[in-house]
Amino acid sequence: YESKVGLFKGAVPLNTTTFRDTWGAFEEALEGVPQDTEILTYCTGGIRCEKANAYLIQEMGYNNVGALKGGIVNYHQYAQDKNLTSAFLGVNHVFDQRMGQRVGQEILSNCEFCGVASDVQTDCANSACPRPFAMRRFIQCGECAARL
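Scoring rules and cut-offs
- Residues numbered from 1 in each chain as written.
- Predicted model: local features only at pLDDT ≥ 70, side-chain atom pairs only at ≥ 80, totals over all residues.
- Heavy atoms only, no water.
- Helix = DSSP H or I, 4+ residues; strand = E, 2+ residues; numbered from the N terminus.
- Buried < 20%, exposed > 50% of the residue type's maximum accessible area, 1.4 Å probe, protein only.
- Contact = heavy atoms within 4.5 Å.
- Core = buried A, V, L, I, M, F, W, Y, C linked by side-chain atoms within 4.5 Å.
- Phe/Tyr/Trp six-rings, centres within 6.5 Å; stacked < 30°, edge-to-face > 60°.
- Pairing = 2+ DSSP bridges.
- Axes fitted to C-alpha atoms, helices over the stretch in contact; angles between N-to-C directions.
- Polar contact = N/O pair within 3.5 Å; in protein donor to acceptor, adjacent residues only side chain to side chain.

Whenever I open this one, unusual backbone geometry confuses me. Can you help?
What you tend to see is this: most non-glycine residues have negative phi, and most peptide bonds are trans. Backbone geometry at Asn15 places phi at a positive 55°, although glycine is not the residue there. Mapped onto the elements, Asn15 comes out in the loop between strand E1 (6-8) and helix H2 (22-29). Residue Asn15 is classed as exposed on the basis of its relative accessible area of 58%. The phi torsion at Asn83 lies on the positive side, around 55°, for a residue other than glycine. Structurally, the position occupied by Asn83 is in the loop between helix H4 (71-81) and strand E4 (88-93). Here Asn83 falls in the exposed class, since its relative accessible area comes to 72%.

Here it is in C-alpha cells:
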C-alpha cells in the first residue's frame, strides 16, 4: 500500500499488504539474483529496513545490502535542509493520524472509488468495515470521502 502513493525513482516495490509479507516477496523477487548484487532498502523511518536487511543477509545470504539511514523521513529533511531536488516521488506513508507526508509533488495513485488522481490515504471509518484489517487503509479523493 505504501508504494502506491510514494517511492523513489527507479525503486522496485515489493507490493506487499503487510510487513510480514516481506519475506516471501523477497524470496520471489530475488530468485536467481546473485548474492553479491547491490540491494538498497528504504522505509518510513528506517526500522523495518533494518529488519528486512537482516533477513536478506542472514537468511538469504546477500552480502551487499544497505538501507537509507533514518528512512524517508530523514531523507526528506536532509533534502530540504540542503535545498536538493528529492528523488522520492509522491507521499511518504507515515504511521500516525496524518497517514501521509508530502515529499514530492507527484500524485502516483487514484481514488479507489471514482478513479480520479489522488494520494490521500484514509482508514475505513465504518466500525463495521467489511475490509480485512490489513486492507482498511485505502486511497480516496476528497469528493468521495465527503459523499460516502
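Structure shown, so let's carry the discussion forward.
What should I look at first to understand the environment of Gln101 in this one?
Among the structural elements, Gln101 can be located in strand E5 (residues 100-102). A relative accessible area of 18% means that Gln101 is categorised as buried. Considered as a pair, Gln101 and Gly90 are 11 residues apart in the sequence and their alpha carbons are 8.8 Å apart. Other than its neighbours up to four places away in sequence, Gln101 contacts Val73, His76, Gly90, Val91, Asn92 and Val94.

What is the right way to look at the nonpolar core in this model?
In summary, soluble globular proteins display a tendency toward joint burial of nonpolar side chains. Phe26, Leu30, Ile39, Ala52, Tyr55, Leu56, Met60 and Tyr62 together form the largest nonpolar core, which totals eight residues. Ranked by residues supplied to this core, first place goes to helix H3 (residues 47-59) with three residues. Apart from residues lying up to four places away in sequence, Leu56 is in contact with Phe26, Leu30, Ile39, Thr41, Gly61, Tyr62 and Val65. Grouped together as the second largest cluster of nonpolar side chains are five residues, Phe8, Ile72, Tyr75 and Val103 included.

Explanation requested: the packing of aromatic side chains in the structure shown.
Given two aromatic rings, one states the distance between the centres and the angle between the planes to describe the pair. One pass over the structure, following the stated rule, counts eight aromatic pairs. On the numbers, 5.6 Å between centres and 75° between planes, the contact of Phe113 with Phe138 is edge-to-face. Of this pair, Phe113 sits in the loop between E5 and strand E6 (121-123) while Phe138 sits in strand E7 (residues 137-139), and the two are 25 residues apart along the sequence. By relative accessible area, Phe138 is classed as buried at 8%. The structure contains a cluster of three or more aromatic residues connected by ring pairs, namely Phe8, Tyr42, Tyr75 and Phe88.

Teacher, can you tell me more about the sheet that holds E5 here?
Backbone-to-backbone hydrogen bonds join strands into a sheet, with any given pair of strands oriented parallel or antiparallel. Read from one edge of the open sheet, three strands run E1-E4-E5, paired in antiparallel fashion. In this open sheet, the two edge strands, each paired with only one partner strand, are E1 and E5. Ignoring strand direction, the axes of neighbouring strands in this sheet form an average angle of 40°. Bridge count between E1 and E4: three bridges; the pairing is antiparallel. By the bridge assignment for E4, Phe8 is matched with Phe88. Along the sheet face, H4 touches E1, E4 and E5 and points at about 130° away from the line of E4.

Sorry, what's going on with the side chain of Ser86 here?
Mapped onto the elements, Ser86 comes out in the loop between H4 and E4. In this structure the side chain of Ser86 is engaged in a polar contact, spanning 3.0 Å, whose partner is the backbone nitrogen of Phe88.

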